[in-house]
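A structural walkthrough
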Amino acid sequence: MQQLRELKMFADESGNTIAYDGKALPNAKVDITFRGKGNVLKVHPSAKIVELVVDFSGDDAVVEIGATSKPRAGLRFTIRTGHECEVTIGENVGCETRTFIRVSEGTKVSIGDDCMFASSIELRADDSHAIYDVRTGKRANPARPIQIGNHVWLGKNVVVMAGVTIGDGSVIGFRSVVTRDIPNNCVAAGAPARVVRRDTAWERPMLSYRRPGIEGLAPGEAKSEQYWNLTDDESAVN
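Now for a description of the structure that goes with this document. Please read these numbers as outputs of a predicted model, since none were measured by experiment. All residue numbers refer to positions counted from 1 along the written sequence of the respective chain. Thresholds applied to this predicted model are a pLDDT of at least 70 for local features of residues and 80 or more for the giving and counting of side-chain atom pairs; totals over whole chains, interfaces and linings are not thresholded and use all residues. Calculation of side-chain values draws on the structure's entire complement of heavy atoms; hydrogens and water are dropped beforehand.

**A look at the overall build of the protein**
A count of helices and strands for the protein gives zero helices and 22 strands. What you see for the protein is a C-alpha radius of gyration of 19 Å, in line with the 18 Å of a compact globule of 238 residues. The C-alpha extent of the protein, read off along each of the three principal axes, is 60 × 55 × 25 Å. Counting across all 238 residues of the protein, residues that qualify as buried make up 47%. Here, residues are in contact when the closest pair of their heavy atoms is within 4.5 Å. Long-range pairs, those at least 24 residues apart, make up 34% of the contacts in the protein with a sequence separation of at least 6. Between the mean site of the 30 positive side-chain charges and the mean site of the 31 negative ones, the protein shows a separation of 6 Å. Secondary structure is summarised from DSSP: a helix means a run of H or I of at least four residues, a strand means a run of E of at least two, and numbering begins at the N terminus for each. Our radius of gyration looks at C-alpha atoms and nothing else; its globule reference is 2.2 Å times the residue count to the power 0.38. Classification of residues uses two cut-offs on accessible area relative to the type maximum, computed with a 1.4 Å probe and protein chains only: under 20% is buried, over 50% is exposed, and between them is partly exposed. Residues scored as charged are limited to Lys and Arg (positive) and Asp and Glu (negative), so that His and the chain ends carry no count. Note that the charge is assigned to NZ on lysines, CZ on arginines, CG on aspartates and CD on glutamates.

Next comes the structure, spelled out in structure tokens:
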């Protein structure tokens, strides 16, 4: 087992590697553990790493983290991978507190660009332990991929379960548990999460800075034009 507390270029005899040629991050909390072989961590030099804990529990997994080129809260992730898994985090993602990702059995978790994660988010592509059908002996809970689109806002305490895709531009409400696909440009909430509003778009400026009585964009507020789209009703989930 190899354990590193610094984000830097690294390679060992078991084929585990870290590809990062950015600046030293003395104030970041970093804890990278390699338990297997052939695992790869790729971090863009400009990624705003605040807290990064990665546990490569198996072999041949890949974790890739994209660039931060815009003002963001920073990247705060705890990631645990099994054999032959993949986790990709896009550009300009921000996390208020640590987001937990768990993936195993050759499964993938993908997070798009410009996503905003509130506190205590969990993305669980597996259930941690096996559940069996007692009549057949077969697994009842295989790991399944998770895909988070671009410009998705996950509210506080949201949990996204295995097999879920969330479309671009959507918002998942406070303490929701997402168990099935959510289409683009909508608001979903509840446990299990259901679509409660379609044809929506969101922007980053905090409402605490906004004066009362403004119904549209605030003066000087930029519009994320590419994410203002109608919900694709064919993929909508009720």
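Moving on, there is more to tell.
**Some details on the nonpolar core**
In this structure, Ile 32, Phe 77, Ile 111, Leu 123, Leu 154, Val 160 and Ile 166 are the most contacted members of the largest nonpolar core, which totals 51 residues. Ranked by residue count, the leading element in this core is strand E6 (residues 49–56), at four residues. Setting aside residues up to four positions removed in sequence, Leu 123 forms contacts with Phe 100, Ile 101, Arg 102, Val 109, Ile 111, Ile 146, Ile 148, Leu 154 and Val 160. Put simply, buried Ala, Val, Leu, Ile, Met, Phe, Trp, Tyr and Cys residues joined by side-chain atoms within 4.5 Å make one nonpolar core.

**Concerning the sheet that holds strand E9 (residues 86–89)**
Taken in spatial order, the eight strands of this open sheet run E2-E3-E5-E7-E9-E12-E15-E18, and their pairing is mixed. Either end of the sheet is taken by a strand with one partner, and the two such strands are strand E2 (10–11) and strand E18 (165–166). For two strands to be treated as a pair, DSSP must find at least two bridges joining them. Sheet topology note: the strand E5 (residues 40–43)/strand E7 (residues 62–65) ladder contains four bridges and is parallel. Bridge pairing in E7 links Val 43 to Ile 65.

**Notes on the pairing of strand E22 (residues 193–198)**
One face of the sheet, then the other: side chains in a regular strand alternate in exactly this way. Across five bridges, strand E21 (residues 186–190) lies against E22 in antiparallel orientation. Bridge assignment links Val 187 to a residue of E22, and that residue is Arg 197. In this structure, the hairpin formed by E21 and E22 is closed by a connection of two residues.

**Topic: unusual backbone geometry**
Trans peptide bonds make up the majority, and among non-glycine residues the majority have a negative phi. Backbone torsion omega between Ala 191 and Pro 192 reads 5°, so that peptide bond is classified as cis. Relative to the helices and strands, Pro 192 is located in the loop between E21 and E22. Despite not being glycine, Asn 92 shows a phi value in the positive range, around 55°. Looking at the secondary structure, you find Asn 92 in the loop between E9 and strand E10 (94–95).

**Some words on the side chain of Thr 200**
With respect to the secondary-structure elements, Thr 200 resides in the segment after E22. Note on Thr 200: relative accessible area 14%, which makes it buried. Residues within four places of Thr 200 in sequence aside, it is in contact with Gly 169, Asn 185, Cys 186, Val 187 and Asn 229.

**Regarding the packing of aromatic side chains**
Classification of ring pairs uses Phe, Tyr and Trp, with its six-membered ring standing for Trp, and accepts pairs whose centres are within 6.5 Å; under 30 degrees between planes counts as stacked, over 60 as edge-to-face, and the remaining range as tilted. Applying the stated criterion across every chain, the model contains three aromatic pairs. Between Phe 34 and Phe 56 the ring centres are 5.0 Å apart and the planes differ by 10°, which places this aromatic pair in the stacked class. Highlighted residues: Phe 34 in strand E4 (residues 29–34) and Phe 56 in strand E6, separated in sequence by 22 residues. With a relative accessible area of 2%, Phe 34 lands in the buried category.

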